[in-house]
Amino acid sequence: MSIVPSANKKSVLCCSEKDLVGDLPGARYGHSINVVRSRGKTAAVLFGGRSFIPLNQRTTEKWNTVTDCQPLVYLIDLQFGCSTAYTIKEVQDGRCFHVSVSRNDTVYIIGGHTLESNIRPPNIYKIKVDLPLGSPNITCTVLQSHLSVSSAIVTHTSPDEFLIVGGYESDSQKRMICNKVSLSNDTFNIQEVETPDWTGDIKHSKTWFGADMGHGAVLFGIPGDNKNQNSDSSFFFYVLNLGGEDVLMQSCSQGSLEEQEDSMPLEDS
């Protein structure tokens, strides 16, 4: 997907489909894709995710069983549509719902959830991609951290600085701490930032979700049944702005959806 300018000065969003050849990553969700740049070239790095077990392994009792994808790193050539899977000895487990950010030729994989062991690993994968004229070279360094989180939201405040907000520390515990991450060529620094004055609705809700709005702003939503027992189909939204000097938390809007009798239960996603 790309944005191209038009004659009337309005930007147009263009989408083109690319057929891949080589090692094709299977269907998945909860994964990440980041673009890296090296020696004037670009490539996409795909990692992690969760998928349903293959059709030939399904039984009546385990028809909807999901599993973590293999801990492979896929490097995709955006120009020619070539996909290559790499086995990296430092990457020992498949993860999903992790945080990923990229800077130049490096991707950082932070947190995430491992289904088999039901843990959120605190270590960080620093994956560096070199794109010479010949075969690509991928190296991985494992960094130690204290961030044990899944399904967090990332918002950039500058090209070399971003914030990690929300997510879950465990299946039943939301993560109420915010962190600022600063990147440079040789350092990866994490520090805790001022925590917003969470509303009682957010503190006591079991589920929350959201998205990056850019420049340090995050949109949060919680199901209405956490706030009012008579509003099962409502959702309440809040905007958290961490990009300025002051931390701002405000109620944004509320809406309701038609009842969905066959809706699937929420999961860490």
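Up top is the structure these notes are about.
The rules behind the values
The written sequence of each chain sets the order in which its residues are numbered from 1. Only residues with pLDDT of at least 70 are given local features in this predicted model, and only at 80 or more are side-chain atom pairs given and counted; all residues enter the totals for whole chains, interfaces and linings. Excluded from the side-chain calculation are hydrogens and water; included are all heavy atoms of the structure. At least two bridges found by DSSP between two strands are what make those strands a pair. For the purposes of this entry, the term helix denotes a DSSP run of H or I that reaches at least four residues, the term strand denotes a run of E that reaches at least two, and both are numbered from the N terminus. For the exposure calls, accessible area comes from a 1.4 Å probe over protein chains only, and a residue counts as buried if that area is under 20% of its type's maximum, exposed if over 50%, partly exposed in between. Axis definition: a line fit to C-alpha positions, over the contact stretch in the case of helices; interaxial angles, taken between N-to-C directions, run 0 to 180 degrees.

1. Re the pairing of strand 8 (residues 72-77)
As judged from the 4 bridges shared by strand 5 (residues 41-47) and strand 8, these two strands associate in the antiparallel manner. Bridge assignment links L46 to a residue of strand 8, and that residue is Y74. Bridging between strand 8 and strand 9 (residues 82-87) involves 6 bridges; their strand directions are antiparallel. Of the residues in strand 9, the one forming a bridge with Y74 is A85. Where strand 8 hands over to strand 9, the hairpin turn is made up of 4 residues, of which G81 adopts a positive phi near 70 degrees.

2. Topic: unusual backbone geometry
Trans is the common state for peptide bonds, and a negative phi is the common state for residues other than glycine. Within the chain, N104 stands out as a residue other than glycine whose phi angle is a positive 55 degrees. Take N104: it is sitting in the loop between strand 10 (99-103) and strand 11 (106-110). Exposure remark for N104: the relative accessible area of 47% places this residue in the partly exposed category. In the Ramachandran plot, N118 falls in the positive-phi region, its phi being about 55 degrees despite a non-glycine side chain. Within the secondary structure, N118 is located in the loop between strand 11 and strand 12 (124-130).

3. Regarding the sheet that holds strand 4 (residues 32-38)
Across the sheet, 5 strands lie side by side as 3-9-8-5-4; this open sheet has mixed pairing. The open sheet has two edge strands with one neighbour each: strand 3 (21-22) and strand 4.

4. Focus on the sheet that holds strand 19 (residues 188-192)
Sheets are built from strands paired through backbone hydrogen bonds, the pairs being either parallel or antiparallel. Taken in spatial order, the 4 strands line up as 14-15-18-19 in an open sheet, and their pairing is antiparallel. Edge positions in the open sheet fall to strand 14 (153-158) and strand 19, since each of these has one partner strand only. Each strand of the sheet is rotated relative to its neighbour by a mean of 25 degrees, with strand direction disregarded. As defined by bridge partners, strand 15 (residues 161-165) adjoins strand 18 (residues 179-183) across 4 bridges and the pair is classed as antiparallel. Bridging from a neighbouring strand, I164 pairs with N179 of strand 18.

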